[in-house]
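As a plain string of letters, each chain reads:
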Amino acid sequence: MKRIKFLGAPMDSGTMVDTVKYIETKLISKVFLQHVVVNVAKLVHMQNDTVLRESVKACDLINIDGMGVVLGARFCGHYIPERVAGVDLFHNLLEMSAKRDFPVFLLGADQEIVEKTAKNVEALYPNLKIAGIHHGYFWDDEEAVVNKIRESGAKLLFVAITSPKKENFINKWQDKLGVDFVMGVGGTFDVVAGKVKRAPVWMQNYGLEWLYRVIQEPGRMWKRYLITNSKFAYLLFKEKLNFK
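Owing to the predicted nature of the structure, the values given are computational and were not obtained by experimental measurement.

Going through the model one piece at a time under the given rule, you end up with seven aromatic pairs. Judged by centre distance (6.0 Å) and plane angle (50°), the rings of Phe-90 and Phe-189 are tilted. In this pair, Phe-90 is assigned in helix 5 (residues 86–100) and Phe-189 in helix 9 (residues 188–192), connecting sequence segments 99 residues apart. No difference in accessibility class separates Phe-90 from Phe-189, as the two residues are buried. Ring centres of Phe-138 and Phe-169 lie 5.3 Å apart, and the angle between their planes is 65°; this geometry places the pair in the edge-to-face category.

Right under this line is the structure:
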């Protein structure tokens, strides 16, 4: 794993295999590891959201999820071997946890989705121990949920809440969660539960997942991606001109 800086944000360049091995080693050593992924939208929001920016910078491992970031960083001269997608890393870590007998906690989405996610991953990984689950609508009593996670005995925590809430929640409570690893997984539970379909692999490889989402939800997504992608393009060319 190699730490680089792109658009003012730190991130780690490495493969999926590198990432899983690195996390597994830390878990075996019982060294706390806070993980986050960055994509185009998050990088753009980090430019003005200081709380989000500091929450991301505080993480021990920062993978590059969005293909747009991979291509942009390469364009600016950084070596990025591959994208490490959050949903794929989630599955790889569950597989590793099942083999290592590491209990996990699933936090986020609504109750129906998190229950279906737990059911589906138990079917995929029969030896996986799910220490607990909880929906993502608990902002009136965060401490009670934190206590539930700590008392569950979970070793890994996956947080499926939108940005910047999940990053700020993790950064705020990391010392009281009682886990050795915590990762924000965004909309992963929606995918695993079957509510949302992932873009075809060829669209993922060409950084066109945003277009697939626009096609799925044009009324809600077109303006968001138009603004975000335009800002990213501006930041990218500005970075390219200043890159040494």
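The next point concerns the nonpolar core. Nonpolar side chains in soluble globular proteins tend to be buried together. Judged by nonpolar contacts, the single largest core of 32 residues is most densely connected at Phe-90, Leu-93, Phe-158, Phe-181 and Phe-189. Top element by residues in this core is helix 5. It accounts for six residues. In this structure, Phe-158 is in contact with Phe-90, Leu-93, Leu-94, Val-104, Phe-105, Leu-106, Leu-107, Phe-181, Met-183, Val-185 and Phe-189, ignoring residues within four places of it in sequence. Judged by nonpolar contacts, the second largest core, of 25 residues, contains Met-46, Ile-64, Val-70 and Ile-80.

Okay, unusual backbone geometry next. Residue Pro-164 is reached from Ser-163 by a cis peptide bond, and omega for that bond is 0°. Mapped onto the fold, Pro-164 is located in the loop between strand 7 (156–160) and helix 8 (165–173). In this model, Leu-7 sits at a positive phi of 55°, which is unusual for a non-glycine residue. Checked against the element boundaries, Leu-7 lands in the loop between strand 1 (2–6) and strand 2 (9–13). Classification of Leu-7 by relative accessible area gives buried; the value is 8%.

Before going further, it helps to spend a moment on helix 4 (residues 67–75). Within helix 4, burial applies to Met-67, Val-69, Val-70, Gly-72 and Ala-73. One or two positions beyond helix 4, positive phi appears at Gly-77, with a value near 100°.

As defined by bridge partners, strand 5 (residues 104–108) adjoins strand 6 (residues 130–134) across four bridges and the pair is classed as parallel. Its bridge partner lying in strand 6, Leu-106 is registered against Ile-133. You can see the chain leave strand 5, run along helix 6 (residues 111–124) and come back into strand 6, and the turn it takes is right-handed.

Scoring rules and cut-offs
- Along each chain, numbering runs from 1 in the same order as the chain's sequence is written.
- In keeping with the predicted nature of the model, local features appear solely for residues at pLDDT of at least 70, side-chain atom pairs appear and are counted solely at 80 or more, and the whole-chain, interface and lining totals rest on all residues.
- No hydrogens and no water enter the side-chain calculation; it runs on all heavy atoms of the structure.
- Each aromatic pair joins two rings of Phe, Tyr and Trp (for Trp, the six-membered one) with centres within 6.5 Å, and gets the label stacked for planes under 30 degrees apart, edge-to-face for over 60, and tilted for any other angle.
- Secondary structure is summarised from DSSP: a helix means a run of H or I of at least four residues, a strand means a run of E of at least two, and numbering begins at the N terminus for each.
- Buried means the residue's accessible area, taken with a 1.4 Å probe over protein chains only, is under 20% of the maximum for its type, while exposed means over 50%, and partly exposed covers the values in between.
- Side-chain atoms within 4.5 Å link the members of a nonpolar core, which is a set of buried Ala, Val, Leu, Ile, Met, Phe, Trp, Tyr and Cys residues.
- In this analysis, two residues are considered to be in contact whenever any of their non-hydrogen atoms come within 4.5 Å of each other.
- Paired strands are those between which DSSP finds at least two bridges.
- Handedness of a crossover: with both strands directed away from the viewer, a clockwise path from the first strand across the helix to the second marks it as right-handed.

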